[in-house]
Amino acid sequence: MHNADITYVVLTKNEAANIAACLRSLPAQSPVLVYDAFSDDATVELARAFGALVLQGPWAGYVRAREDAASHVKTAWTFMLDADERVTPELALEIEQLAPLDTTGGYSVARRNHFCGRWIRSGGWWPDRLVRLFRTGQATITARGSGDAAVHEAWQVSGDCQQLAAPLDHFSYASVQEYRHKFAIYTGLEAQGAHASFGHVVAAWLEMPLRAAWYLVRKGGIVEGWRGIYVSIGSALYPAVVATKRWTRGRTSAPGATA
């Protein structure tokens, strides 16, 4: 597969701290499209300095942003990634050596998720395989939630989906503070979906210890030391926190509710 036939698409919003390293990891012959949600830092200037085509639009949620960005791709193939991700040299080489069949619609990539300076191999964080490379115009995106609440999305390809062996690096959380900040943002966004009943909230919290045990023991999070324990507990808490925020939002927005 020729690098010139693949456009790497990066979504940004105030990603000056990440965008240079992200773009530096991409093959030099590949077009790059940065779809920016009107950053007010140096993101756009840095992206243009690396030769990327920069388009801007108002933020309308993850799904809409990715759809809009993908609609501007002119090459035969599209590779979607985030500003805090890096294409590893092994992955770039594997992609260059691909010879896709006519029936091949796309490829999934395993992500090496990093937390506090370490790649987390357990606790459900690896291999975290996602479809990222697909034929342009022949993939659709689906998400949990709706509208701006769509936080976790996935691409579905037309045709066969193959697995790439080489990984993508994801520097998701440099510190505990960053993890907690993003945890609050993502659970808040997802809480904008359907309302939750009080029974749903109770069930989610009763299930949380079982989820924690699953991530810690069955998924091996405990072997990663404090980092693995921290992210395992965070993953177990996530559904319960979302349910609680949904229930709270429903109560405050109900007729007769007081602020």
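Presented here is an overview of the structure given in this document. This structure is a prediction, so every number in the text was calculated from the model and none was measured. (Residues numbered from 1 in each chain as written. Predicted model: local features only at pLDDT ≥ 70, side-chain atom pairs only at ≥ 80, totals over all residues. Heavy atoms only, no water.)

## So, the overall build of the chain
Phase 1: If you tally the helices and strands in the chain, you get seven helices and twelve strands.
Phase 2: Taken against the 2.2 N^0.38 rule, which gives 18 Å for 259 residues, the C-alpha radius of gyration of the chain at 19 Å falls within 12% of a compact globule.
Phase 3: Projected onto its principal axes, the C-alpha positions of the chain cover 55 × 45 × 35 Å.
Phase 4: For the chain, the proportion of its 259 residues judged to be buried stands at 49%.
Phase 5: Contacts in the chain between residues far apart in sequence, at least 24 positions, make up 73% of those at least 6 positions apart. (Helix = DSSP H or I, 4+ residues; strand = E, 2+ residues; numbered from the N terminus. Rg over C-alpha atoms; globule rule 2.2 N^0.38 Å. Buried < 20%, exposed > 50% of the residue type's maximum accessible area, 1.4 Å probe, protein only. Contact = heavy atoms within 4.5 Å.)

## What to know about a nonpolar patch on the surface
Phase 1: A surface patch of nonpolar side chains, amounting to about 340 Å² of accessible area, comprises Ile222, Val223, Ile229 and Ile233.
Phase 2: Following the sequence through the fold, isoleucine 222 ends up in the loop between α6 (198-218) and α7 (226-253). (Patch = residues over 30% accessible without salt bridge, like charges linked within 9 Å, V, L, I, M, F, W, Y side chains within 5 Å. Areas by Shrake-Rupley, 256 points an atom, 1.4 Å probe, with all protein chains shown as cover. Salt bridge = Lys/Arg side-chain N within 4 Å of Asp/Glu carboxyl O.)

## What about unusual backbone geometry?
Across residues other than glycine, the phi torsion is negative in most instances, and most of the peptide bonds are trans.
Phase 1: Note the cis peptide between tryptophan 126 and proline 127, where omega equals 15°.
Phase 2: Phi at cysteine 116 is positive, roughly 50°, even though this residue is not glycine.
Phase 3: Examined against the element boundaries, cysteine 116 turns out to sit in the loop between β6 (104-115) and β7 (118-119).
Phase 4: A relative accessible area of 17% places cysteine 116 in the buried class.

## Quick look at the pairing of strand β1 (residues 6-12)
Phase 1: Burial within β1 is extensive, with seven of its seven residues counted as buried.
Phase 2: Neither face of β1 is open: one carries Ile6, Tyr8, Val10 and Thr12, the other Thr7, Val9 and Leu11, and all of them are buried.
Phase 3: Pairing analysis gives six bridges linking β1 to strand β4 (residues 77-82), with the strands arranged parallel. Looking at the pairing, leucine 11 lines up with aspartate 82 of β4.
Phase 4: Read from β1 through helix α1 (residues 19-24) to strand β2 (residues 32-36), the crossover connection turns out right-handed. (Pairing = 2+ DSSP bridges. Right-handed = clockwise from strand over helix to strand, strands pointing away.)

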